[in-house]
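# Structural characterization, general
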Amino acid sequence: MALPSINPTTTKAWKALQNHFDDVKQVNIKELFSSDKQRADNFKIDWEDFYVDFSKNRITKETFKLLLELADQVKLKEAITAYYSGDIINKTENRAVLHTALRGKESDVVLVDEKNVMPEIFAVKAKMKDFTNEVVSGNKKGYTNKPFTDVVNIGIGGSDLGPAMVVESLQFYKNHLTTHFVSNVDGDHVNEVIKKLNPETTLFVIVSKTFTTQETLSNANTLREWFLKHGKQEDIAKHFVAVSTNTEKVKAFGIEEANIFPMWNWVGGRFSLWSAVGLTVSLAVGFENFNKLLKGANEMDIHFKTEEFENNIPVVLALISVWYNNFFGAESEAVIAYSQYLNQFATYLQQGIMESNGKSIDRNGNRVNYETGTLIWGEPGTNSQHAFFQLIHQGTKLIPADFIGFAESLHGNKDHQDKLISNYIAQTEALLNGKTEAQVLEELKGQKISDQEIKDLLPFKVFEGNKPTNSIFIEKLTPESLGKLIAMYEHKIFVQGIIWNIYSYDQFGVELGKQLASTILEDIKFNTSENHDASTLNLLEYFKKFR
Ligand code: F6P
């Protein structure tokens, strides 16, 4: 089944939302709480170890009802069925989108070209498990017969961000292996990593779906050359493995077939951490924990597939985000995780969200006449409170924010945890309520300053409030709950792509820069410089002076 292709603005629900928006755009969330004592309970979803409170939003019951109608009218249910069934929903690349199958159960049947892909998925998982156990136990050794101490993941985009974010997030569960990530083509990146490595005890995992990516191949070549200054050609087999769909190119690089972990075209780069792309994760935290991550994601997959939309976490979060993006004109969203472990989470989501939904052509091939993908950004709380929260609280922009918190701390320091969570909760309360003139006046009167000083200072100390937040409160950061959280955002991306009537699973927008970079590289190498604008020519000339 092809995805439905409906311009959302032509639906009844969209038109109703437009009229409704005029009525509620000035509404104050604080007043909504006062007028409805059940609001906090009506606008929350309690699911397994997740507690999702979306009551601190500029929505009424009517808004929510209309948003749910919008989901129905763009045929979201049919789209979800197509997504899970292996239909070619990535039409522009003629591919299915099946990262959900990667975390499915062995007994599931998922057909691609009439062939069940689950046996292949489980064969690769078994290979990952064996390899991980051999490396972690020290049975597998380097060329001087020493066990491995370090793993270097060489990849970029989805072949780096997912594994890097998960390894960082699950640091608490890590074993003795030290992991490094080399992604940037900036040679300083790889050289800084090399400084920390011992060739005798380092395992290199080259991750590239296509095995044609300039950054990854350059870094892999540099690391191989460095390795060969110490080990011999035949030692490469002991130290280099690859994850790719492109077996031929991997072999041409010099990696043996046995050291290749396959992946498939129906796994998008930014959704690939669940495949063998997650090998570094498996090595870092052990295969059992990697499998638990998959299990958590699978539970979220089932929730998304089966739950009614009004209690469906990814659907609700996506609809609320559409409400701000398309009706309030909000341009960006912040993701603030109250966990230092999640310090890479927003960076990871940037690729997932912006590479997927940063599109302006609809599924009929026409330019959209409405806004699509949101900008996404964030840093962990409490650090971000001391950095950019000023703008969220008192700036001119509307920035809806997801606040993610974990009720239990992993190291169990109660004092820190109480302080962390009090900040987590307080910020959403402050964003909701703000501080009125009357409250500020009261406060200032308690200080020893003149009436004139109070009058002068007053406007600067007022907080408008009415800033929307979702609170995603999770019992504890575990491999399972992290899997659920990542899958939650993946499905939110999907829902938004369906509503915006765009193709979320291609990324042609990254191609042009790559093409021009190869032309410019030729110009740099062969000292040619034709067919460029004057600014580009000047930049080229400037650079050539330093070569
Ligand atoms: O940035 C474009 C992109 O194609 C991403 O979608 C992908 O994750 C990344 O490049 C890396 O690609 P590959 O895994 O093929 O090296």
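## Describing the site of the ligand
Close contacts around the ligand come from 13 residues, with Gly158, Ser208, Thr210, Thr213 and Glu355 the closest. Contact distances for the ligand include 2.7 Å between an oxygen atom and a side-chain N or O atom of Ser159. Backbone polar atom of Lys209 to an oxygen atom of the ligand: 2.8 Å apart, as the coordinates give it. Contact with the protein chains hides 86% of the accessible area of the ligand, taken as 390 Å² for the molecule alone. Looking at the shell around the ligand residue by residue, the classes come out as two nonpolar, nine polar and two charged.

## Describing the side chain of Thr179
Tracing the backbone through its elements, the reader meets Thr179 in strand 6 (residues 178-182). Only 3.4 Å separates the side chain of Thr179 from the side chain of Lys174, close enough to count as a polar contact. Not counting residues up to four positions away in its chain, the partners in contact with Thr179 are Val151, Val167, Lys174, Thr280 and Ala284.

## Quick look at the domain arrangement of the protein chain
We note that the domain assignment places domain 1 (8-73 + 307-429 + 468-506), domain 2 (101-292), domain 3 (434-465) and domain 4 (509-544) within the protein chain. Placing the centre of domain 1 and that of domain 3 at their C-alpha centroids yields a distance of 32 Å. Counting residues at the interface gives four residues for domain 1 and six residues for domain 3. Broken down residue by residue, the surface that domain 1 buries against domain 3 is led by Lys30, His393 and Gln394, which jointly contribute 83%. If you look at where domain 1 meets domain 3, you find two residue pairs in polar contact (both at pLDDT 80 or more). When its residues are assigned to classes, the side of domain 1 that touches domain 3 shows no nonpolar, two polar and two charged.

## Focus on the nonpolar core
Core analysis: the biggest nonpolar cluster contains 126 residues, and Ile404 and Phe494 have the highest contact counts within it. Looking at this core, you find at least three residues from each of domain 1 (8-73 + 307-429 + 468-506) and domain 2 (101-292). Setting aside residues up to four positions removed in sequence, Ile404 forms contacts with Val335, Ile336, Ala337, Tyr338, Leu342, Phe345, Tyr424, Ile472, Ile474, Leu485 and Tyr489. Listed in part, the 22 residues of the second largest apolar core include Val152, Ile206, Ala242 and Phe253.

## Thoughts on the packing of aromatic side chains
If you walk through the whole model with that rule in mind, you get 38 aromatic pairs. Measuring from ring centre to ring centre gives 6.4 Å for Tyr84 and Phe304, while their planes differ by 35°; the resulting arrangement is tilted. With a gap of 220 residues between them, Tyr84 in helix 5 (residues 76-84) and Phe304 in helix 14 (residues 287-306) connect regions that are remote in the sequence. Residue Tyr84 shares its accessibility class with Phe304, and that shared class is buried. Feature note: the residues Trp14, Phe21, Trp323, Tyr324, Phe327, Phe328 and Tyr370 constitute an aromatic cluster, connected by ring pairs.

## Notes on the sheet that holds strand 2 (residues 50-53)
Strand-to-strand pairing in sheets goes through backbone hydrogen bonds, with the strands running parallel or antiparallel. Ordered by their spatial adjacency, six strands build an open sheet running 1-2-13-12-10-11, and the pairing between neighbours is mixed. The open sheet is flanked by strand 1 (44-47) and strand 11 (375-377), the only strands paired with a single partner. Strand-to-strand twist in this sheet, taken as the mean axis angle between neighbours without regard to direction, amounts to 15°. Alignment of strand 10 (residues 332-338) against strand 11, held across three bridges, turns out to be parallel. Counted as the bridge partner of Ala334 is Trp377 from strand 11. Contacts from helix 16 (residues 345-357) reach strand 10, strand 11 and strand 12 (401-408), with the element oriented near 165° to strand 11.

## Details of the packing of helix 19 (residues 437-445) against helix 20 (residues 451-461)
Two elements in contact, helix 19 and helix 20, have axes whose closest approach is 9 Å; the angle formed by their N-to-C orientations is 135°. Between helix 19 and helix 20, the angle falls in the class oblique. Remark: the crossing between helix 19 and helix 20 carries right-handed chirality. Mapping the contact onto sequence places Glu437, Val440, Leu441, Leu444 and Lys445 in helix 19 and Ile454, Leu457, Leu458 and Lys461 in helix 20. Classifying every residue of the contact of helix 19 with helix 20 by side-chain character gives six nonpolar, no polar and three charged.

## Re helix 14
In this model helix 14 runs 28 Å from its N-terminal to its C-terminal C-alpha over 20 residues, within 8% of the 28 Å that 1.5 Å per residue would give. Listed in full, the buried residues belonging to helix 14 are Phe287, Asn289, Phe290, Leu293, Leu294, Gly296, Ala297, Asn298, Met300, Asp301, His303 and Phe304.

## What about the sheet that holds strand 6?
Spatial strand order, 6-5-7-8-9: five strands in an open sheet with parallel pairing. Lying at the two open borders of the sheet, with one neighbouring strand each, are strand 6 and strand 9 (260-262). This sheet shows a mean twist of 20° between the axes of neighbouring strands, independent of strand direction. In this structure, strand 5 (residues 150-154) lies alongside strand 6, joined through five bridges in parallel fashion. Its bridge partner being in strand 6, Ile154 is matched across the sheet by Val182. Seen against the sheet, helix 7 (residues 118-137) touches strand 7 (202-207), strand 8 (240-244) and strand 9 and runs at an angle of roughly 145° to strand 9.

Each value, and the rule that gives it
Residues numbered from 1 in each chain as written. Predicted model: local features only at pLDDT ≥ 70, side-chain atom pairs only at ≥ 80, totals over all residues. Heavy atoms only, no water. Near = heavy atom within 4 Å. Polar contact = N/O pair within 3.5 Å; in protein donor to acceptor, adjacent residues only side chain to side chain. Areas by Shrake-Rupley, 256 points an atom, 1.4 Å probe, with all protein chains shown as cover. Nonpolar A, V, L, I, M, F, W, Y, C, P; charged D, E, K, R; others polar. Helix = DSSP H or I, 4+ residues; strand = E, 2+ residues; numbered from the N terminus. Contact = heavy atoms within 4.5 Å. Domains from an automatic or database assignment. Buried area = accessible area lost by both parts, 1.4 Å probe. Core = buried A, V, L, I, M, F, W, Y, C linked by side-chain atoms within 4.5 Å. Buried < 20%, exposed > 50% of the residue type's maximum accessible area, 1.4 Å probe, protein only. Phe/Tyr/Trp six-rings, centres within 6.5 Å; stacked < 30°, edge-to-face > 60°. Pairing = 2+ DSSP bridges. Axes fitted to C-alpha atoms, helices over the stretch in contact; angles between N-to-C directions. Parallel < 35°, antiparallel > 145°, perpendicular 65-115°, else oblique. Left-handed = near helix turned anticlockwise from the far one by under 90°. Expected span 1.5 Å × (residues − 1).

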